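If you want the building blocks of each chain, they are given just below.
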Amino acid sequence: MRKKFVAGNWKMNKTVAEAQALATELIPGLAPLTSIERVLCPPFTALHPLAGMLQNTGIGLGAQNLYWETSGAYTAEVAPPMVAELCQYVIIGHSERRQYFGETDETVNKRVKAALAIGLTPIVCIGETLEENQAGKTAEIVSRQVRGGLADLTPPEGAKLVVAYEPVWAIGTGLAASEVDANTIHRDVVRVALAEMFGAEVAQGLQILYGGSVKPNNAANYFTQSDIDGALVGGASLKAADFVAIAQAAV
Ligand code: PEP
C-alpha cells in the first residue's frame, strides 16, 4: 500500500512573518493526520523558521529547488547541504522552473542526483503544455521527462523518489485534469516508464502525485483513483482551511 502524500508548494509567496502565521494555522490541522505524508514547501527565506516550528509535528519540510554543486562561486544558488540541513524534501523541475528559468531534463537530472546523494527526497515534477496536450503528445512528453530527469539512477535510488504529474495547462488555471485522465497518465505512462527504468516492484511502490488546480471540492476524486497517490498543491496550499481539507480528503 502506498501512503498518500500531500505537499503544498507556496511558490514565491509569504514573507517570514506570513509563513510563520500560515504554519501556525496549519500545524493543528495537519499534525493529527498521521496516516498520510504532509509536506510544506515555503520559499527559501522561510525554511529556517519553519524547520523549527515543524519539529516533532510529523509534518515534513521541502525546498522548491536546489543547485547541484556543493558550494562555491554560484551567486544566489542554494546548495544541497544547505537544504538538507533544514529539509527532508525538495521540489525539482517544477514547470515554472522549466518555463521561466531554463530548466531542462538534463538539469533536473543533475538536481535529482544531488538531492539523493545528500539524503533528500526529490519531488520530481513532469507534465505537458497545452500545445503538447492538444497535439496528442502527452504520453511522449511525460515519458521523455521521466526517462531524462531520472536517467542513470539505480533502482534503490529510484525507490526514494516522489513523482508529481502536473499538466502545465492545469496549474493555477482552475482547469484541473479529470481524475480519470490523470490516473491513466499515472498508470499507463509514468508508472510504466518507472517500471522499465527501476523494475516493477520499485515502480509499484513509488508515490505519483497529481498537481494542477487541486481544491477541497475536487481533491477526493483524485485520491480514490488507483494510481494517484496524493497531490502537489499550489494556490490552495496558501489557505490553511483549504490545504487541511485537501489533506483530510487524502486520509
Ligand atoms: C503547482 O504549482 O504545483 C500547482 C499545482 O499549482 P495549483 O494548485 O495552483 O494549480
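Section: the packing of aromatic side chains
Then step 1. Enumeration over the complete set of coordinates arrives at five aromatic pairs.
Then step 2. Ring pairs connect the aromatic residues Tyr67, Trp68 and Tyr74, which therefore count as one cluster.
Then step 3. Here the basic side chain of Arg97 rests over the ring of Phe101, its NZ or CZ set 4.0 Å away from the ring centre.

A word on the confidence of the model for the protein chain
Then step 1. In the predicted model, the protein chain carries a mean pLDDT of 98, and the fraction of residues at 70 or more is 100%.
Then step 2. Within the protein chain, no element has a lower average pLDDT than helix H6 (residues 130–134), which sits at 96, and none a higher one than strand E3 (residues 60–63), at 99.

Topic: the packing of helix H7 (residues 138–149) against helix H9 (residues 179–198)
Then step 1. Running from N to C, H7 and H9 cross one another at 35°; their axes reach a closest spacing of 10 Å. Where H7 crosses over H9, the handedness of that crossing is right-handed. In this structure, H7 uses Thr138, Ala139, Val142, Ser143, Val146 and Arg147 to contact H9, whose residues at the interface are Ile185, Val189, Val190, Ala193, Leu194, Glu196 and Met197.
Then step 2. Residue composition of the contact of H7 with H9, by class: nine nonpolar, two polar and two charged.

Regarding the site of the ligand
Then step 1. If you check the shell around the ligand, you find 14 residues, and the closest are Lys11, Glu166, Gly172, Ser213 and Gly235.
Then step 2. His94 places a side-chain nitrogen or oxygen 2.9 Å from an oxygen atom of the ligand.
Then step 3. Residue Ser213 places a main-chain N or O atom 2.7 Å away from an oxygen atom belonging to the ligand.
Then step 4. If the ligand stood free it would expose 290 Å²; the protein chains cover 98% of that surface.

Brief notes about unusual backbone geometry
Then step 1. Its identity as a non-glycine residue notwithstanding, Asp152 has a phi of 70°, on the positive side.
Then step 2. You can see Asp152 is positioned in the loop between H7 and helix H8 (155–158).
Then step 3. Positive phi, normally seen in glycine, also occurs at Ser213, with a value near 60°.
Then step 4. Residue classification places Ser213 among the buried residues on the basis of a relative accessible area of 10%.

Describing the pairing of strand E2 (residues 37–41)
Then step 1. Most of E2 sits inside the fold, with four of its five residues counted as buried.
Then step 2. The pairing of strand E1 (residues 5–9) with E2 spans five bridges and is parallel. Counted as the bridge partner of Val6 is Arg38 from E2.
Then step 3. The parallel pair E1 and E2, bridged by helix H1 (residues 16–30), forms a crossover whose chirality is right-handed.
Then step 4. Two strands pair when backbone bridges link them, and E2 and E3 are joined in this way by two bridges, in the parallel orientation. Residue Leu40 lies in a different strand from E3, and its bridge partner there is Leu61.
Then step 5. With helix H2 (residues 47–54) bridging E2 and the parallel E3, this β-α-β connection has right-handed handedness.

Cut-off values and rules
Residues numbered from 1 in each chain as written. Predicted model: local features only at pLDDT ≥ 70, side-chain atom pairs only at ≥ 80, totals over all residues. Heavy atoms only, no water. Phe/Tyr/Trp six-rings, centres within 6.5 Å; stacked < 30°, edge-to-face > 60°. Lys NZ or Arg CZ within 6 Å of the ring centre and 35° of its normal. pLDDT = per-residue confidence, 0-100. Helix = DSSP H or I, 4+ residues; strand = E, 2+ residues; numbered from the N terminus. Axes fitted to C-alpha atoms, helices over the stretch in contact; angles between N-to-C directions. Left-handed = near helix turned anticlockwise from the far one by under 90°. Contact = heavy atoms within 4.5 Å. Nonpolar A, V, L, I, M, F, W, Y, C, P; charged D, E, K, R; others polar. Near = heavy atom within 4 Å. Polar contact = N/O pair within 3.5 Å; in protein donor to acceptor, adjacent residues only side chain to side chain. Areas by Shrake-Rupley, 256 points an atom, 1.4 Å probe, with all protein chains shown as cover. Buried < 20%, exposed > 50% of the residue type's maximum accessible area, 1.4 Å probe, protein only. Pairing = 2+ DSSP bridges. Right-handed = clockwise from strand over helix to strand, strands pointing away.

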